[in-house]
Amino acid sequence: MRVVTEIAEVRDVRASMAEPYGLVPTMGFLHEGHLSLVRQARVECESVAVSIYVNPTQFGPSEDLEAYPSDLEQDLRMLESEGVDLVWTPTTEVIYPSGFQTWVTVNEISKHLEGTQRLGHFRGVATVVAKLFNVFQPQRAYFGQKDAQQMVLIRRMAVDLNFPIEVIACPTVREEDGLAMSSRNSYLNTEERKAATVLFRALTIASEAFKEGELDAGELRSLMSETITSEPLAQEQYVSVADPNTLEELQGKVQRALLSMAVYVGDTRLIDNVVVGEESK
Ligand code: AMP
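Before going into details, it helps to say that this report is about the structure given with it. The residue numbering used here restarts from 1 in each chain and proceeds along that chain's sequence as written. In view of the model being predicted, local features appear only for residues whose pLDDT reaches at least 70, and side-chain atom pairs are presented and counted only at 80 or more, with totals across whole chains, interfaces and linings using the full set of residues. Working from all heavy atoms in the structure, the side-chain values ignore hydrogens and water.

### Re the sheet that holds strand β8 (residues 257-265)
Sheet strands pair via backbone hydrogen bonds, and the direction of the pair is either parallel or antiparallel. Formally: What makes two strands pair is DSSP finding at least two bridges between them. Helix and strand assignments come from DSSP, with helices taken as H or I runs of at least 4 residues and strands as E runs of at least 2, each series counted from the N terminus. Between the N-to-C directions of two axes lies an angle of 0 to 180 degrees, each axis being a line fitted to C-alpha atoms and, for a helix, fitted only over the stretch in contact.
Strand order in the open sheet formed by 3 strands is β7-β8-β9, with antiparallel pairing between adjacent strands. Pairing within the sheet leaves two strands with one partner each, and these edge strands are β7 (234-242) and β9 (268-276). Within the sheet, the average angular offset between the axes of one strand and its neighbour, ignoring direction, is 15°. Of the pairings in the sheet, the one linking β8 to β9 comprises 9 bridges and is antiparallel in character.

What follows is the structure in structure tokens.
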């Protein structure tokens with residue numbers, strides 16, 4: 001496994017890598033969720049590259065950039081044992097050199113859900129992923145359904161900017177009690193860790209109600225909110241029943257929907273989602 005920091009080194013290693021070649025972008029502090037993406041890429045591609053970069057431009061001024069967890073040595077050990085070929089760990093000087101002023105904005109998709117709470121977040125995400133796509137030039141790129149809006153946004157950007165890259169969605173990996181794996185789970189103390197299962201409980205209650213015939217978007221939102229309210233350590237930021245493709249909030253009866261939420265558990269902001277309903281033919 002080659003671990004490099006400079007763009008020229010990525011291009012150099014990339015030139016000798018077998019194709020099709022898959023990319024897994026990450027912010028490090030890897031867990032089984034990240035590794036599931038790497039494994040899927042490993043199965044579907046001849047070679048696999050991973051980026052580890054905590055992108056400052058996707059963090060708001062009051063967010064957790066400074067506190068974001070990292071353990072590069074452990075990450076590299078994990079990636080080595082997954083058979084990864086290339087890892088890029090750029091510095092911010094490499095990604096945003098002096099004079100940098102070109103940004104990628106995905107207009108409509110960025111306005112909803114996370115975009116209403118994290119201003120500028122998706123401009124940072126779209127810009128850094130466009131840069132990763134340009135530097136790595138993979139045939140495939142793997143993203144987690146855990147960040148459903150990011151997934152939709154990257155797909156849109158890849159089409160709009162003509163990146164010849166297949167963007168592949170991988171299912172959310174969960175702990176045994178349902179909590180979606182996240183590097184941010186490391187912020188939770190023991191009590192908060194127990195309380196954090198409320199996100200998956202709320203999603204499960206709403207998706208089961210949907211399967212039993214509760215198709216009203218407002219009722220589904222209420223079911224999620226009530227469940228979150230029942231957990232004293234949890235504070236809802238938003239719950240949503242949205243169109244899985246446009247991310248617009250739905251009203252009335254729904255056929256297929258992205259159920260999602262952002263919830264503070266103590267000081268830690270967690271997100272989760274599930275999709276309900278059949279894809280229309
Ligand atoms: P991050 O390091 O949080 O930026 O995540 C890097 C990639 O891993 C993103 O595509 C995430 O959606 C994905 N990811 C994070 N957590 C999970 C999870 N629990 N299951 C599946 N994918 C995940």
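### Regarding empty space enclosed by the protein
For clarity, the cut-off: Detection works on a 1 Å grid of protein atoms alone, calling trapped sets that fit a 1.4 Å probe cavities and calling open sets with protein on both sides within 12 Å along at least five of seven lines pockets, with lining residues defined by an atom within 4 Å of a point. Grid points are joined across faces, edges and corners, and a volume is the space filled by probe spheres set on the points. Residue polarity is assigned by list, with Asp, Glu, Lys and Arg as charged and Ala, Val, Leu, Ile, Met, Phe, Trp, Tyr, Cys and Pro as nonpolar; anything else, Gly included, falls into the polar class.
Following the criterion strictly, the structure yields 1 cavity of 30 Å³ or more and no others. Every residue lining the largest cavity is listed: Lys146, Leu179, Ala180, Ser182, Asn185, Leu199, Leu270, Ile271 and Asp272. Examining the composition of the lining of the largest cavity, we find that 3 residues originate from one element, β9, more than from any other. Of the residues assigned to the lining of the largest cavity, the class counts are 5 nonpolar, 2 polar and 2 charged.

### Here we look at the sheet that holds strand β5 (residues 140-144)
Test applied: By the convention used here, residues are in contact when the closest approach between their heavy atoms is within 4.5 Å.
The parallel open sheet is built from 6 strands, whose spatial order is β1-β4-β3-β2-β5-β6. Single-partner strands in this sheet number two, and they are β1 (2-4) and β6 (166-170). Geometrically, the sheet is characterised by an average inter-axis angle of 25° between neighbouring strands, direction not taken into account. Sheet analysis places β5 next to β6, joined by 5 bridges and oriented parallel. Residue pairing across strands places alanine 141 opposite valine 167, the latter belonging to β6. Of the strands in this sheet, β2 (21-26), β3 (47-52), β4 (86-88) and β5 touch helix α6 (residues 121-136), which is tilted by about 150° from β2.

### What to know about helix α3 (residues 72-81)
Put simply, the test is: When a residue's accessible area, from a 1.4 Å probe over protein chains only, is under 20% of the maximum for its type it is buried; when over 50% it is exposed; and in between it is partly exposed. As used here, the arc belongs to the directions running from the helix axis to the C-beta atoms.
Along α3, the positions that sit buried rather than exposed are Asp75, Leu76 and Leu79. Buried residues in α3, looked at end-on, bunch into an arc of 95°, giving them a common side. Turned more than 90 degrees away from the buried face of α3, the exposed residues are Glu73, Arg77 and Ser81. Here the buried face of α3 lies against β1, α2 (32-44), β3 and β4. Glycine 83, located one to two residues past α3, shows a positive phi value of around 75°.

### Thoughts on the packing of α6 against helix α7 (residues 148-160)
We count it as follows: To sort the angles, those under 35 degrees are grouped as roughly parallel, those over 145 as roughly antiparallel, those from 65 to 115 as roughly perpendicular, and the leftovers as oblique. With the far helix as reference, a near helix turned anticlockwise by less than a right angle produces a left-handed crossing, and one turned clockwise produces a right-handed crossing.
Where α6 contacts α7, the axes come no closer than 10 Å and their chain directions differ by 50°. Judged on the interaxial angle alone, α7 and α6 are oblique. Here α6 runs over α7; the crossing is right-handed. Residues Phe122, Val125, Ala126, Val129, Ala130 and Phe133 of α6 lie in contact with α7, whose contacting residues are Gln149, Gln150, Leu153, Ile154, Met157 and Ala158. Of the residues in the contact of α6 with α7, the class split is 10 nonpolar, 2 polar and no charged.

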